[in-house]
Every structure is written in C-alpha cells, then in structure tokens.
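Now for the letters of each chain:
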Amino acid sequence: MNPRTKSQDIRDLSQNDIRELVAELGQPAFRAKQLIEWVFEKNVCSFDDMTNIPKAFREQLKEAFAFDTPTELTKQVSKDGSRKYLLEYHDGVSVETVGMPRRNKLSVCVSTQAGCGMGCAFCATGLNGLKRSLTAQEIVDQVLHVSNDFGERATSVVFMGQGEPMDNLDNVLRATEILTADYGWAWSPKRITVSSVGVKNKLKRFLEESDCHVAISMHDPIPSERAELMPAERGMGIEQVVELLRNYDFSHQRRLSFEYIVFKGVNDSMQHAKAIIKLVKGLDCRFNLIRFHQIPDIPLQGVDDEKMEQFRDYLTQHLSLIHISEP
Ligand code: SF4
C-alpha cells in the first residue's frame, strides 16, 4: 500500500488497500468488509456513522483519513427542474455538475476534469485549458451530491460535463467500477453513458474494458472542417473513430450515439447531412442533434427551428433514432 498522509480520502483506496490497511492495524479481516460497505455501498461521509465499527478503530481511521467531499459554490434551478451546480474540491478547483429529474428518474451529468485540454472551438471550458483531472471518487461525489440534494438516489449518469473522459481514463473506469460493482452502487453499466471526442488508443481501451454506453462527439463529418472545430480530429480522426466502432456490437444492450451541435453556416448544409449518412451507414446508432446557444467570445451561432427540423428530417429518411436536444 502507498504511504498515507494525514487527511487522505479513504475512498481513494481500493478494496485491496482497505484489506491491507485493516490487517496492518491489527483488526480482524471482516472489518475490511464492513469498511468497504460503509464507504462504497452506503456512501457515508463520516467515520462516526460507521456504527458497527468499534469506536477505538474509528478514531484510528480519523487520525489518518478524511472525507474530502466537494463544497457547493452555486446552484441554479431551471424551469424544467434541472439543477446546475458549481462544486469546489479541496484544492480550490471547481467543476459543473447537472441533475436532471425526468419522470421518477434522476440523471446526473458529471465532469471528469476541471477544465479541458481538447480546445474545441465552441466550448467555454476548452477556452481556458486543463486545470487537472478528477479522481474517481471526485467524479462519484458529483453523483452523490446531486442524489443528496434531490433527496433520492440518481438512476443514471452521463459523463458529458467538463473534460474529455478518455483523457482521464483510469479514473473514469474506476468511477464506473464503483457505480457498477457489487461492493459499490451495483448499477447495470447500461445506466451509464460516457462521451468522447475520440482519443487514439484510449477509446479502444474504453470499448474493450467497459460495457457502458458510448456517445461520440462528432459535430462535423468532414475531417478538414472538424479539425477546425475540434483539434482532437488531428489525433484521432472521425473516420478512424467510426472504423474502430464498427468492430463492436451495439445492436443489443450497449448503445452507441453521436452528438452533433448544429452551427449556422458551418455544419448545417445538405452536404454535411449526406456526409453523416455516408460515414455512419450500417452502424447501429442514435443521432443527437443539439441546439447551440451563443457563448460570449465564441463566434459561432446556432440555427433556427426551421433549419434544425429540415436537417433532422433529412437525416431521419436515412437513419433511425434522430433526436433533438437542448445543450
Ligand atoms: Fe469542451 Fe468537451 Fe471539447 Fe473539452 S472535449 S473542449 S469539455 S467540448
């Protein structure tokens, strides 16, 4: 086990680390099971709540560990009931998280990094670069924070907030493990969707190691144009991404979707619609058209409803499952 510093978050330890810790501290092995249950399944954030653990052992744990839960800086509530939070972590970095209640369900959109290094031309987060990647527990803490605020357990998570999940893959995989493992939240991986712009080697690893749904940020099917919008195109092009996706089965439980923000005069022509159809032909996928709302300092504009519907209707003739959503 790695050396511990005071106030390390106990939830950053793996199950094995916890077993070793319990043995090191001379406690019987079953204490590890109890501790893992409190930390990952019951999600308590205080040693005092671990009522079946002897007080003396709890005091020992308090000496070495803490629960670094994020602080809520702001919360905005929308008309549709969605709540957007700005959460700050122990070192002062902050991220956005959104809770979206829909018909007895609660979906959470989590960030995986504070800032982002991908530099997409339409994204305010990308303008300021990457501050740091989040730990797995910092990602799970967003789900916990939203669940606690709504007073109900979240039912699904989309990894579509700030950051590129593949650029923080180990922590993203660990976070999805905590959410899906029997010792954790015990969710089906089908309740989780992870988005990506497409990052060489990392996307393949994710597809191999995870059963969660995948959402690819396409935004332009023409590589030279997409590179202008999304510099990541130069690392792994959209054609390579689609080629890779063709090796996996999305016809059953696992779902593949493409995200497409429609920008006026940039990616909204019939030429683009035809290129999309050609690119994804034969793939089992959904297509999400997203409205763009003007962002200060970003010289891109969204399209009106008529254009959006025309674009959707053309795609619908050739692809199934086209959906228009708000950002
Ligand atoms: Fe923004 Fe996502 Fe692009 Fe990063 S990958 S710059 S968060 S749109």
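Here, the structure is the one placed above.
These figures come from a predicted structure and were not determined experimentally.

What counts and how
- Residues numbered from 1 in each chain as written.
- Predicted model: local features only at pLDDT ≥ 70, side-chain atom pairs only at ≥ 80, totals over all residues.
- Heavy atoms only, no water.
- Helix = DSSP H or I, 4+ residues; strand = E, 2+ residues; numbered from the N terminus.
- Rg over C-alpha atoms; globule rule 2.2 N^0.38 Å.
- Buried < 20%, exposed > 50% of the residue type's maximum accessible area, 1.4 Å probe, protein only.
- Areas by Shrake-Rupley, 256 points an atom, 1.4 Å probe, with all protein chains shown as cover.
- Lys, Arg positive; Asp, Glu negative; His and termini not counted.
- Charge placed at Lys NZ, Arg CZ, Asp CG, Glu CD.
- Disulfide = S-S within 2.5 Å.
- Near = heavy atom within 4 Å.
- Nonpolar A, V, L, I, M, F, W, Y, C, P; charged D, E, K, R; others polar.
- Salt bridge = Lys/Arg side-chain N within 4 Å of Asp/Glu carboxyl O.
- Polar contact = N/O pair within 3.5 Å; in protein donor to acceptor, adjacent residues only side chain to side chain.
- Contact = heavy atoms within 4.5 Å.
- Phe/Tyr/Trp six-rings, centres within 6.5 Å; stacked < 30°, edge-to-face > 60°.
- Axes fitted to C-alpha atoms, helices over the stretch in contact; angles between N-to-C directions.
- Parallel < 35°, antiparallel > 145°, perpendicular 65-115°, else oblique.
- Left-handed = near helix turned anticlockwise from the far one by under 90°.

Right, let's get into the overall build of the chain. Scanning the chain from terminus to terminus reveals 11 helices and 14 strands. Over its C-alpha atoms the chain spans a radius of gyration of 21 Å, differing by no more than 12% from the 20 Å that the globule rule assigns to 327 residues. Principal-axis analysis of the C-alpha atoms places the extent of the chain at approximately 70 × 40 × 35 Å. The buried share among the 327 residues of the chain stands at 50%. Summed over its atoms, the accessible surface of the chain is roughly 15,700 Å², and 47% of this surface lies on carbon and sulfur atoms. Counting 40 positive and 46 negative side-chain charges, the chain places the centres of these two groups 3 Å from one another.

Before going further, it helps to spend a moment on the state of the cysteines. Counted by the stated rule, this structure contains 0 disulfides. In this model Cys109 remains outside any disulfide bridge; the closest cysteine sulfur is found in Cys123, 12 Å from its own.

Attention shifts here to the site of the ligand. Neighbouring residues of the ligand: Cys116, Met118, Gly119, Cys120, Phe122, Cys123, Gly126, Gly163 and Val197. Here the shell around the ligand is composed, by residue class, of 6 nonpolar, 3 polar and no charged.

Bringing the side chain of Arg58 into the picture now. Structurally, Arg58 can be placed in helix H3 (residues 55-64). As a buried residue without a salt bridge, Arg58 has its nearest oppositely charged side chain in Asp48, at a separation of 4.1 Å. Looking at Arg58, its side chain comes within polar contact range of the main-chain oxygen of Ile53, at 2.8 Å. Beyond its immediate chain neighbours, meaning those up to four positions away, Arg58 contacts Phe47, Asp48, Met50, Thr51 and Ile53.

As a further point, take the packing of aromatic side chains. Here a ring pair, both rings aromatic, is described through the centre-centre distance and the interplanar angle of the planes. Counted by the stated rule, this structure contains 8 aromatic pairs. A ring pair is formed by Phe47 and Phe67, whose centres lie 4.8 Å apart and whose planes are at 55°; its orientation type is tilted. Of this pair, Phe47 sits in the loop between helix H2 (30-41) and H3 while Phe67 sits in the loop between strand E2 (65-66) and strand E3 (71-77), placing them 20 residues apart in sequence. By relative accessible area, Phe47 is classed as buried at 4%.

Moving on, we get to unusual backbone geometry. If you check the backbone angles, Asn104 has positive phi at about 60° while not being a glycine. You can see Asn104 is positioned in the loop between strand E5 (94-102) and strand E6 (105-109). Overall, Asn104 belongs to the exposed group, its relative accessible area being 79%. Phi is positive for Asp297, which is not a glycine, with a value near 75°. By secondary structure assignment, the location of Asp297 is in the loop between strand E13 (286-291) and helix H11 (305-318).

So, about the environment of Gly265. Structurally, Gly265 can be placed in the loop between strand E12 (256-262) and helix H10 (270-280). You can call Gly265 exposed: its relative accessible area is 65%. C-alpha of Gly265 to C-alpha of Leu127: the two residues are 138 residues apart in sequence and 22 Å apart in space.

This part takes up the pattern of salt bridges. Counting across every chain of the model gives 20 salt bridges. As a salt-bridge pair, Asp170 and Arg205 come within 2.8 Å of each other at their nearest N and O atoms. On the criterion of sequence distance, the pair formed by Asp170 in helix H6 (residues 169-180) and Arg205 in helix H7 (residues 202-209) is long-range, its members being 35 residues apart. By relative accessible area, which is 52% here, Asp170 ends up exposed. Between Glu177 and Arg174 there is a salt bridge; the shortest N-O distance is 3.4 Å. Placement of both Glu177 and Arg174 in helix H6 is noted, with a separation of 3 residues, approximately one turn of the helix. A residue is classified by how much of its surface remains accessible, and Glu177, at 37% relative accessible area, is partly exposed. On the basis of relative accessible area, Arg174 is assigned to the buried category, the value being 18%. Overlapping salt bridges, with partners in common, bring together Asp48, Lys55, Glu59 and Lys62 in one network.

A word on the packing of H7 against helix H9 (residues 238-245). Closest axis-to-axis distance for the H7/H9 pair is 11 Å, and the angle between their directions is 20°. With respect to their mutual orientation, H7 and H9 come out roughly parallel. As for how H7 packs across H9, the hand of that crossing is right-handed. The residues of H9 that touch H7, namely those facing Leu203, Lys204 and Leu207, are Val241, Leu244 and Leu245. When grouped by side-chain class, the residues that make up the contact of H7 with H9 number 5 nonpolar, no polar and 1 charged.

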